[in-house]
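# Examination of the molecular architecture
Read off the chains here:
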Amino acid sequence: MVHEDVLKVVDDMRIRQMRGGTVVTHAALKALRSAALKSKATSSKQFLAEFGENVNYLLKIRAASIPLANSLRFVMVDVRQAASHGAFVKELQDIVSNSARHFDRLLEESVREIAQIGARRIKEGDVIMTHSYSSSVIAILKKAHEQHKGPKIFVTETRPELEGRDVARELAAEGIGVTLIIDSAVSHFIDDTDKVLIGAEAVAANGAIVNKIGTATIAAVAQRARVRVYAAASTYKFSPETMFGELIEIEERDPSYVLGHSRMNKQPHFHVRNPAFDVTSAQDIDLIITERGVIPPQAAIMIVREQKGVSVS
Amino acid sequence: MRVRGAGLIASSAVTALKIAAQKSPAEDPGSFMRDLSDAARVLLETRPTAVSLPNGIRYVMHRVNRAKANATSGADLKLVASKAADEFVELTRTAVERIGEIGAKRIRDGVVVLTHCNSTAAISVMTTAWRQGKKFEVYATETRPRFQGRLTARVLARLGIPVTLILDDAVRYFMQDVDMVLVGADAITANGALVNKVGTSMVALAAHEVHVNVNVAAESYKFSPETMIGELVEIEERDPSEIISAKALSQIGRRVKVRNPSFDLTPPEFVDAIITERGIIPPLGAMLILQEVFGVLTPEELTEYQTYKLSEA
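Residues numbered from 1 in each chain as written. Chains lettered and ligands numbered in written order. Predicted model: local features only at pLDDT ≥ 70, side-chain atom pairs only at ≥ 80, totals over all residues.

We now examine the overall build of chain A. In terms of regular secondary structure, chain A is built from eleven helices and eleven strands. Dimensions along the principal axes, computed over C-alpha positions, put chain A at roughly 65 × 50 × 40 Å. Counting all 313 residues of chain A, 50% fall into the buried class. Contacts in chain A between residues far apart in sequence, at least 24 positions, make up 76% of those at least 6 positions apart. (Helix = DSSP H or I, 4+ residues; strand = E, 2+ residues; numbered from the N terminus. Buried ≥ 20, exposed ≤ 12 C-beta atoms within 10 Å, placed from the backbone. Contact = placed C-beta atoms within 7 Å.)

Pairing is mixed across the open sheet formed by eight strands, whose spatial order is S11(A)-S10(A)-S7(A)-S4(A)-S1(A)-S2(A)-S3(A)-S9(B). Taken across any chain shown, the strands that pair with only one partner, and hence form the sheet edges, are strand S11 (293-295) of chain A together with strand S9 (257-258) of chain B. Inspection of the sheet shows strand S1 (residues 127-130) of chain A paired to strand S4 (residues 195-198) of chain A by two bridges, in the parallel sense. Counted as the bridge partner of Met-129 of chain A is Val-196 of chain A from S4 of chain A. The strands that helix H9 (residues 215-224) of chain A touches are S4 and strand S7 (228-232) of chain A; relative to S4 of chain A, the one it contacts most, it runs at about 160 degrees. (Pairing = 2+ DSSP bridges. Axes fitted to C-alpha atoms, helices over the stretch in contact; angles between N-to-C directions.)

The mixed open sheet is built from eight strands, whose spatial order is S8(A)-S3(B)-S2(B)-S1(B)-S4(B)-S7(B)-S11(B)-S12(B). For this open sheet the edge positions go to strand S8 (270-272) of chain A together with strand S12 (279-281) of chain B, each flanked by a neighbour on one side alone. Adjacent strand axes in the sheet meet at a mean angle of 25 degrees, parallel and antiparallel pairs treated alike. As defined by bridge partners, strand S1 (residues 112-115) of chain B adjoins strand S4 (residues 180-183) of chain B across two bridges and the pair is classed as parallel. Bridged to Val-113 of chain B within S4 of chain B is Met-180 of chain B. Lying on the sheet, helix H8 (residues 200-209) of chain B is in contact with S4 and strand S7 (213-217) of chain B; it crosses S4 of chain B at an angle near 160 degrees.

On to the interface of chain A and chain B, then. Listed as interface residues are 37 residues of chain A and, on the opposing side, 37 residues of chain B. Within the residue set of the side of chain A that touches chain B, elements represented by two or more residues are helix H7 (164-173), strand S3 (177-181), helix H8 (186-189), H9, helix H10 (256-259) and S8 of chain A. Partitioning the side of chain A that touches chain B into residue classes produces 20 nonpolar, nine polar and eight charged. The pairing of S3 of chain A with S9 of chain B spans two bridges and is parallel. Directly across from Leu-180 of chain A, in S9 of chain B, lies its bridge partner Val-258 of chain B. (Nonpolar A, V, L, I, M, F, W, Y, C, P; charged D, E, K, R; others polar.)

Bringing the confidence of the model for chain B into the picture now. Of the residues in chain B, 91% have a pLDDT of 70 or more, and the chain-wide mean is 89. Prediction confidence for the complex, expressed as pTM and ipTM, is 0.89 and 0.87 respectively. (pLDDT = per-residue confidence, 0-100.)

Residues and elements named next belong to chain B. Burial within strand S2 (residues 137-141) is extensive, with four of its five residues counted as buried. Pairing of S1 with S2, which is carried by four bridges, proceeds in the parallel orientation. Bridge assignment links Val-112 to a residue of S2, and that residue is Glu-137. Pairing analysis gives four bridges linking S2 to strand S3 (residues 163-166), with the strands arranged parallel. Across the sheet, residue Tyr-139 finds its bridge partner in S3, namely Thr-164. The parallel pair S2 and S3 is bridged by helix H6 (residues 148-159), and the resulting crossover is right-handed. (Right-handed = clockwise from strand over helix to strand, strands pointing away.)

Residues and elements named next belong to chain B. Taken domain by domain, chain B holds domain 1 (2-95) and domain 2 (99-237 + 253-294). Taking only C-alpha atoms into account, the centre of domain 1 sits 29 Å from that of domain 2. Listed as interface residues are 16 residues of domain 1 and, on the opposing side, 15 residues of domain 2. For the side of domain 1 that touches domain 2, the elements supplying multiple residues, two or more each, are helix H1 (2-23), helix H3 (52-68) and helix H4 (74-104). No other element matches H3, which puts six residues into the side of domain 1 that touches domain 2. A per-class count over the side of domain 1 that touches domain 2 returns seven nonpolar, seven polar and two charged. (Domains from an automatic or database assignment.)

Rendered as structure tokens:
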């Protein structure tokens, strides 16, 4: 029986349209912690079963969220270890709580570290273009602005959910110069751009980046115009599954986000497709900014191998 | 509708020029030329719009200028002016249909066509092919900011053509399933570059990367002679409210800028074929069309008509 707190957070993810993988992960961990603390399990076996159900539900709904999967794996490893040493329900509850908090902190610290490292890459007066909503990118830009580098940002509106407006708002609130454009205008403004800076939903073992639909196009346009493309991603975005040949599943979202509820939908041969993400190949990425430093996409495999809980053998 | 408007506006202007010619009381060629040139200048100033209007005026004036040397009276030139005007109006009436017939030959059974924005000429190609009994399907980009792609989708779906509506951002994602790209044109420059709805150059780049042909349906009066002497086509920026309402913008930040270029430039190397009513040419053949329709224009003739700003009708 999946706990109501977990059900609620998944609903929130859908309805309130949480922005970005990091935000989603925070929310999921919070729900998992709360569900564990409220558990009425009388045996550790029962607790583990409940816990497993909550985790599976979260994984099923946001299968594409790598940081979420990594965070759940992180907590799962701690819980299983404690259970195998005969821990009681109370101890297991504490483990879930502490482990989840620990991961949360690691995630927050990683964003702060990425901001520091990434801001160093920004030169004074740089014009930077970004796409979709990324906590890491916003942190980098705020840091650079704090350092008086005065970056100016082209923010793509990012159809269909228009999260670019949230990015614009957050940056403008800090006094950062922002220009809002449509996604299709990237080509038109690329010659006025010094760097493209994007986040990542996931990084594959070969250095390819999964990010909001449109990212692959922007990266291609930038490459052609010889504009550098930087991806900002904490190591928790790196996907161990891809090391074993698993393809990252691209989620198709509700088509009504694209067209709404139009009469056209009733026509039998009329379709609307709404893939939420696309894959940007490593050759279109110049470097990835992680909390452990800047790496070329080709070095992603090294990070992926170290993910906790994944056995290479 | 913009594209239909382009032909209509041009033919209206040319008809007005014809009326001015017929009404001119001048009896000698010199005075007639003055009257006609004055009328031409007024018409050119009324409404900066698609290239078709200046082209229509130019079509008539060029032929009258050529006849000037041999004319013995104003009446001779009046006749030339009327005849040229009639020819041009007829051209605007039949060009789109003719392009449909020629272009339909390029659509084979079973192909997947991707189109952008709402072009009468491009739609003519697809509807003609469909009426000929060819079976194919179409991906139509929604085309921000005004979602003109939805109009295209509706027109095609009504005929029974299978249509899938996608985000502009998703072109790279779907390009692997596409066999040919088919778009219209706001203007073709002398070196074969394409000026078309913003986002077109990104569609063309995505197509180019996976070796998908880019076909452009363009009436001969879309070809822009200005670029023969190095004039750049100035790209219009439209009201930001097309992208975001004033209210929503104020909620994001008072100093957030919005930029809304309506067109972008696709270089000739990303264009594979241009379908005109006179036949199919490669982009580098743009000069042929320009010469055929306008003859060898002198720099003086060109500068007389000034650089105009390309804007949506």
